[in-house]
Each structure stands twice: as structure tokens, then as C-alpha cells.
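A closer look at the structure
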Amino acid sequence: MLIRHGETDANRDMRIAGRSEAQLTAAGRASAAALAEWAWPSIRLFVSPQQRAQDTARLAFPSIPAATLPDLRERDWGHFEGLPVAELPQREKTPDGGEPWDDMIGRVGRALEAGLDRSGPEALPVFVAHSGVIRAARHLLGFDPHGPSPHNAQPLLYEPGAGAWHETYLEGAPEWTA
């Protein structure tokens with residue numbers, strides 16, 4: 001399961017905040033805290049080192065210790081950091097002073113693999129990270145990484161299916177099965 005951090009001031013203001021530290025808004029804190037009301041199964045929690053993801057994880061899972069995975073950090077957009085989202089370059093292009101898309105895909109793959117290995121069969125791995133991390137995961141799972149950004153603080157469940165992965169936005173706490 002992947003969860004994008006709660007809404008930040010940069011999200012609200014439509015600004016690029018890859019490696020920049022954006023702060024959760026009141027709405028972002030509230031939507032993250034609402035996840036704490038869900039009846040979660042046994043989970044293993046992994047989180048980006050960036051403050052907005054750390055804050056979201058603490059609000060959503062207050063009694064569950066989180067393992068920080070540095071490779072879950074957002075992409076470095078170089079000189080585009082802080083500019084309007086409308087000026088974001090194509091994902092496949094390396095921004096001046098920023099991180100190449102292929103490098104990001106590689107590190108996100110390593111982070112997801114590490115989390116899955118550490119979760120074992122008894123716990124659902126939950127990753128709290130960023131839009132770019134979810135896009136990279138989508139790419140790795142055979143989905144199109146382009147299109148609208150993942151919703152803030154809304155869990156995305158990924159399940160293997162007949163020949164392909166399935167992506168489901170969870171609107172409310174599902175009935176978990178063993």
C-alpha cells in the first residue's frame with residue numbers, strides 16, 4: 001500500500017516541492033489524522049525521510065513505529081524547485097541540477113523491495129511517501145506514471161491479478177481479510 005503525504009502548502013499553492021521541505025496544511029493534518037480511525041490489519045510502516053511524509057505517518061499511525069527509508073524521498077527537481085507546477089518539465093527529462101527519472105525509478109524500486117522483504121507475509125507493508133514515488137512505483141508495476149497526481153492522504157492498494165497489477169484508491173477502511 002502506498003500513501004501520499006497529506007496536503008502541503010506547496011500542494012495548495014501549486015508549487016514544485018520535490019526535495020524542498022513543504023509543511024502540511026491544516027487540511028493535510030486532518031486528512032492524515034483521519035487515517036488513524038481506520039481499523040488497519042497488522043502493518044509494517046515505512047516512510048520517506050522528508051518532514052511532510054514523517055508528519056503524515058505520525059498522524060495516521062500514532063502507535064506504529066515507522067522505519068525511515070531514504071530511497072522513498074521525493075525527486076530532486078533542481079532549479080524547478082519552488083516554481084509553479086505548470087512549469088514542471090517532462091518526467092523523462094533530467095532537470096538542471098536535478099535527479100534523472102531512471103535514477104529515481106531505481107531507488108524507489110530498491111526501497112519498495114526492502115520494505116516488502118522486511119514486512120514478511122504476516123504484515124501489510126504501508127509506504128508513506130510522495131507523488132513522484134507513487135508515479136515511479138506505478139511505472140515499476142506496469143502502469144502509466146503520467147496523468148493526475150495521486151490524491152493526498154488517500155491509500156492506494158496494489159494487488160497482483162491475472163497477468164497484471166491492480167491499483168485501487170481506498171475511500172474508507174476496507175474489510176481486511178487474512
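The following refers to the structure shown. (Residues numbered from 1 in each chain as written. Predicted model: local features only at pLDDT ≥ 70, side-chain atom pairs only at ≥ 80, totals over all residues. Heavy atoms only, no water.)

What to know about the packing of helix H4 (residues 101-119) against helix H5 (residues 131-140)
Two measures define how a pair of helices packs: the angle their axes make with one another and the distance between the axes. Packing of H4 against H5 leaves a shortest axis separation of 9 Å and a crossing angle of 85°. In this view, H4 runs roughly perpendicular relative to H5, as classed from their interaxial angle. For the pair formed by H4 and H5, the contact residues are Trp101, Met104, Ile105, Val108, Gly109 and Leu112 on the first element and Gly132, Val133, Arg135, Ala136, Ala137, His139 and Leu140 on the second. Tallied by class, the residues present in the contact of H4 with H5 amount to 9 nonpolar, 3 polar and 1 charged. (Axes fitted to C-alpha atoms, helices over the stretch in contact; angles between N-to-C directions. Helix = DSSP H or I, 4+ residues; strand = E, 2+ residues; numbered from the N terminus. Parallel < 35°, antiparallel > 145°, perpendicular 65-115°, else oblique. Contact = heavy atoms within 4.5 Å. Nonpolar A, V, L, I, M, F, W, Y, C, P; charged D, E, K, R; others polar.)

As for the side chain of Arg135
Considering the arrangement of structural elements, one finds Arg135 in helix H5. Salt bridges are absent for the buried Arg135, whose nearest opposite-charge side chain, Asp144, sits at 7.1 Å. Within the structure, Arg135 has its side chain in polar contact with the backbone oxygen of Pro145 (distance 2.6 Å). Beyond its immediate chain neighbours, meaning those up to four positions away, Arg135 contacts Arg91, Trp101, Pro145, His146, Gly147, Pro148 and Ser149. (Buried < 20%, exposed > 50% of the residue type's maximum accessible area, 1.4 Å probe, protein only. Lys, Arg positive; Asp, Glu negative; His and termini not counted. Salt bridge = Lys/Arg side-chain N within 4 Å of Asp/Glu carboxyl O. Polar contact = N/O pair within 3.5 Å; in protein donor to acceptor, adjacent residues only side chain to side chain.)

A closer look at H4
Compared with the 27 Å implied by 1.5 Å per residue over 19 residues, the 27 Å span of H4 between its first and last C-alpha is a close match. Of the residues making up H4, those classed as buried are Trp101, Met104, Ile105, Arg107, Val108, Gly109, Ala111, Leu112, Gly115 and Ser119. Where H4 is buried, its residues touch strand E1 (2-4), strand E2 (43-47), strand E4 (124-129) and H5. Trailing H4 by a residue or two, Gly120 shows a phi angle of about 70°, which is positive. (Expected span 1.5 Å × (residues − 1).)

With respect to the packing of aromatic side chains
According to the stated counting rule, one finds 4 aromatic pairs in the structure shown. Members of the aromatic cluster, connected to one another through ring pairs, are Trp38, Trp40 and Phe61. (Phe/Tyr/Trp six-rings, centres within 6.5 Å; stacked < 30°, edge-to-face > 60°.)

Describing the packing of helix H2 (residues 26-34) against helix H3 (residues 51-60)
Running from N to C, H2 and H3 cross one another at 45°; their axes reach a closest spacing of 7 Å. By the criterion of interaxial angle, the relationship of H2 to H3 is oblique. Our pair here, H2 against H3, has a crossing hand that is right-handed. Across from Arg29, Ala32 and Ala33 in H2, the residues of H3 making contact are Thr56, Leu59 and Ala60. By residue class, the composition of the contact of H2 with H3 is 4 nonpolar, 1 polar and 1 charged. (Left-handed = near helix turned anticlockwise from the far one by under 90°.)

What about the pattern of salt bridges?
Overall, the coordinates contain 7 salt bridges when judged by the stated rule. With a shortest N-O distance of 2.9 Å, Arg12 and Asp13 are connected by a salt bridge. For Asp13, a relative accessible area of 42% gives the class partly exposed. Within this structure, Arg19, Glu99 and Arg107 form a network of salt bridges that share partners.

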